[in-house]
Amino acid sequence: MDTISLEKRKTMVMMSETLKNFLMDRENFDLKSLDTEKLHPRYREKTIEELSSTSFLLSSMKSIDSDCIEEISKLILDTDLIYQLKRHLEETFLRGGRVFLCGYGSSGRMGLLLEFLWRNIMAKGEASEELLVSFMGGLDQGAFSVFSNLEDSEEEGAKDLKEKGFRKGDLVIGLSEGGETNYVIGALKEAVKESYEEDYHCHHFFLFCNKESVLYTTAPRLKEILTMDRVVRIPLFVGPMSIMGSTRLQASTALLTYLVFVFRHLYLSEEEFSLFIKNEINKLKEGINILGKNLGPLVECLIQKAKSHKGLVFNLTGSSEDLQVMTILDVFEQVATFHLSPPFNKNIPIKRPFNVSLSLKGEKSLGKKLESLMKRKASFPSKDYEEKFYSYEMSHQSYAENFVSFLFLEKGNIEVSVGKDRFEFHLPTQTNPSTKQIFLKIFFNTIFSAVWANVTCMAGNFTTSIRPLNFKLTDRIIRIVRMMRPKLKLTDEEMAKRIFSFYEEKYLKEKDLFEKENFVDSFLKNSTFS
């Protein structure tokens, strides 16, 4: 039996269990009331043609990103919560404790970026430089792979926290864009259980991007974490995403922005911090406004190259370390979101219509490169995943027509090269290095959402590449199918059974479907509804 067949068989067994558990626990994963899962008001009453326009998507993302930064600036000025978090960070570092950032998927990769920024920019040379640690589902292999089946498990979050060495005196910051990720909730509960029982001032923190009251009424499973005395909840409400349900966009940006500012607060007086917020927020808004006016030609060029060459090659040669980290993490966000073939890995053979790869002179193992950038050894849930982590390969090509390179220029501007074409973008002057990463995240999110939305898997304002690999994604597929086929009269249970049946009995078994078609498109095209 070949490796692909074995992997698919394992997936089929998992699917049957996931369907059974999803139907039993449906009330806990009916997430349509959460703003992070809703269609943005900007897109209502628009036709599919209007929503599919690249220029419309770019202008919409500019507007929604700007609104997001404005909302976050107000929340940062909510001094009570930000000072609570600052005080706990200071006390934790003072006693030699560690701070754990726990996320999943995009929030996990964002935690990894924050760890890089902490070690290399914010706390470099300080005693606390190595005291901030990030982890996610699949541990460091989660940066490259989608461990969708772990997202629903509180036990896995608790187990990984223990394996990372959590002890009394440490602090956990849970990151969940939607606020309903069981993996993150499990880690927080474990942290509370293992913390000083006699010290009622020892708290952990839970950051999310929905209204707390809505979360409380949406899923009974969330009531415990939302009422825990030892967990401080920080809701960073920024409304619906610029692509429906794609929380890697504004919700993830909100989490990153808030924590970057909190970490900067550790090194500034109150007066300096207030001035820092005002200056940096204005620079972010200015940068987003500049982007919105100038991205069109770059995006159109990338679309043409991606279509002509069936993918893009991201060239890291010559880029600064922060750009290399951002590029690597965003490439795997693209893989997970848009059903792309990832950089070559002999242990994970995946072939899809479009691919992304990375190139860096003198480097072969992507895992070893990320390890060197993070300045620490990677950790894994098992030996098997360790082998996969180090098996992602980078090419040594020096040039290709679909090469994409990012470089910082002397004045702080950023140059993007696509083959022989050059595009230069002016960043606001004297932007703080940490704030620059927020701008870069928005920059990457906007560009490649627009590119792959055009090339691969967008229908209106939602992606059709998602698969029923966990409860949240299954719930989202049900809602997307209803939006695309509004006359369907099936109940949620009937819909779920059809979705899982198609995935297990047809989509996984037929190579052309699995490799070439997005799941939702394929499901609708190949299903008969009475």
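Before reading further, recall that the structure is shown in the block above.
Note that this is a predicted model, so its numbers are computed, not measured.

Focus on the overall build of the protein chain
No. 1: Along the protein chain, the regular secondary structure elements total 19 helices and twelve strands.
No. 2: Expected size for 530 residues packed as a compact globule is a radius of gyration near 24 Å; at 22 Å, the protein chain falls within 12% of this value.
No. 3: Across the 530 residues that make up the protein chain, the buried fraction comes to 62%.
No. 4: For the protein chain, the exposed area adds up to about 21,100 Å²; of that, 49% sits on carbon and sulfur atoms.
No. 5: Where the 72 positive side-chain charges of the protein chain centre and where its 74 negative ones centre are 4 Å apart.

Thoughts on the sheet that holds strand β7 (residues 355-359)
No. 1: In spatial order, the strands read β7-β6-β8-β9-β10; together these five strands make up an open sheet with mixed pairing. If you trace the sheet from one side to the other, it starts and ends with β7 and β10 (421-425), each paired once. Shown here is a sheet whose adjacent strand axes are inclined to one another by a mean of 20°, direction ignored.
No. 2: One ladder, built from five bridges, connects strand β9 (residues 414-418) with β10; its direction is antiparallel. Directly across from S417, in β10, lies its bridge partner R422.
No. 3: Lying on the sheet, helix α11 (residues 270-309) is in contact with β6 (311-315), β8 (403-408), β9 and β10; it crosses β10 at an angle near 150°.

Comments concerning helix α14 (residues 383-391)
No. 1: Among the residues of α14, those classed as buried are K388, F389, Y390 and S391.
No. 2: Looking at the buried residues of α14, the elements they touch are α13 (366-374).

Observations concerning the nonpolar core
No. 1: L89, I173, L207, Y258, F406, F443 and W452 are the most contacted members of the largest nonpolar core, which has 148 residues in total.
No. 2: No other element matches the 14 residues that α11 contributes to this core.
No. 3: Counting residues in hydrophobic clusters, the runner-up holds 29 residues, among them L34, L161, L215 and L222.

A closer look at the sheet that holds strand β1 (residues 99-103)
No. 1: Taken together, five strands build an open sheet; the order of strands is β2-β1-β3-β4-β5 and the sheet is parallel. Of all strands in the sheet, those bounded by a partner on one side alone are β2 (132-136) and β5 (231-235). Shown here is a sheet whose adjacent strand axes are inclined to one another by a mean of 20°, direction ignored.
No. 2: In the sheet, β1 pairs with strand β3 (residues 171-175) via four bridges, with the strands oriented parallel. Among the inter-strand pairings, V99 is bridged to a residue of β3, identified as L171.
No. 3: Strands β1, β2 and β3 of the sheet are contacted by helix α5 (residues 106-122), whose axis makes an angle of about 160° with β2.

So, how was this worked out
Counting from 1, residues in each chain are numbered in the order their sequence is written. Totals for whole chains, interfaces and linings use all residues, but because this is a predicted model, local features are given only for residues with pLDDT of at least 70 and pairs of side-chain atoms are given and counted only at 80 or more. As a rule here, side-chain values cover all heavy atoms of the structure and leave hydrogens and water aside. Numbering of helices and strands runs from the N terminus, with a helix taken as a DSSP run of H or I at least four residues long and a strand as a DSSP run of E at least two residues long. Both definitions apply: the radius of gyration is a C-alpha atom measure, and the globule rule equals 2.2 Å times residues to the power 0.38. Relative accessibility decides the category of a residue: with a 1.4 Å probe and only protein chains considered, values under 20% of the type maximum give buried, values over 50% give exposed, and everything between is partly exposed. All accessible-area figures derive from a Shrake-Rupley calculation using a 1.4 Å probe, and residue coverage is judged against the displayed protein chains alone. For the charge count, each Lys or Arg is scored as positive and each Asp or Glu as negative, with His and the chain ends excluded. The location of each charge is read from NZ of Lys, CZ of Arg, CG of Asp or CD of Glu. Strand pairing is assigned whenever DSSP identifies at least 2 bridges connecting the two strands. Fitting a line to C-alpha atoms yields each axis, with helices limited to the stretch in contact; the angle taken between N-to-C directions then spans 0 to 180 degrees. Any two residues having at least one pair of non-hydrogen atoms within 4.5 Å are treated as being in contact. Only buried residues count toward a nonpolar core, which is a set of Ala, Val, Leu, Ile, Met, Phe, Trp, Tyr and Cys residues joined through side-chain atoms within 4.5 Å.

By themselves these figures say nothing about function.
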